[in-house]
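Now for the letters of each chain:
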Amino acid sequence: MSLSASRELHLREQLDHETIDLVEMRRQLAALRSKHSDNLLIATLLNRLFVKVAFLVEPTDRTHEQYLNSEFERTLTKVKEIAARANSD
């Protein structure tokens, strides 16, 4: 398992059991953005979520935390879909 896959797994497990780690989320978003820097669609998608969490210290409440978790998961899914399409071209 790669380091990025390991971190992604750790964050997903953490989101199910603990308060969301926004620092780790930002690290993963930055790493993904760097990895896909040649794909403007992916970089833009990641930047949108990055802006949402860039200055947060912690979620405002449980609903906000669930929203951020959902946005993170949805973004990871979209990145994988876009990357798969780009690799198949």
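The structure under discussion appears in the preceding block.
Residues numbered from 1 in each chain as written. Predicted model: local features only at pLDDT ≥ 70, side-chain atom pairs only at ≥ 80, totals over all residues. Heavy atoms only, no water.

### A few points about the overall build of the protein chain
When helices and strands are tallied, the protein chain shows four helices and zero strands. Helices and strands in the protein chain line up, N terminus first, as α-α-α-α. Expressed as a percentage of the 89 residues in the protein chain, the buried residues total 37%. A fraction of 63% describes how many contacts in the protein chain between residues 6 or more apart in sequence connect residues 24 or more apart. (Helix = DSSP H or I, 4+ residues; strand = E, 2+ residues; numbered from the N terminus. Buried < 20%, exposed > 50% of the residue type's maximum accessible area, 1.4 Å probe, protein only. Contact = heavy atoms within 4.5 Å.)

### A closer look at the nonpolar core
If you look at the biggest cluster of nonpolar residues, it comprises 17 residues, and the most contacted ones within it are M25 and L29. Contributing elements (two or more residues each) for this core: α2 (22-35), α3 (40-53) and α4 (62-88). (Core = buried A, V, L, I, M, F, W, Y, C linked by side-chain atoms within 4.5 Å.)

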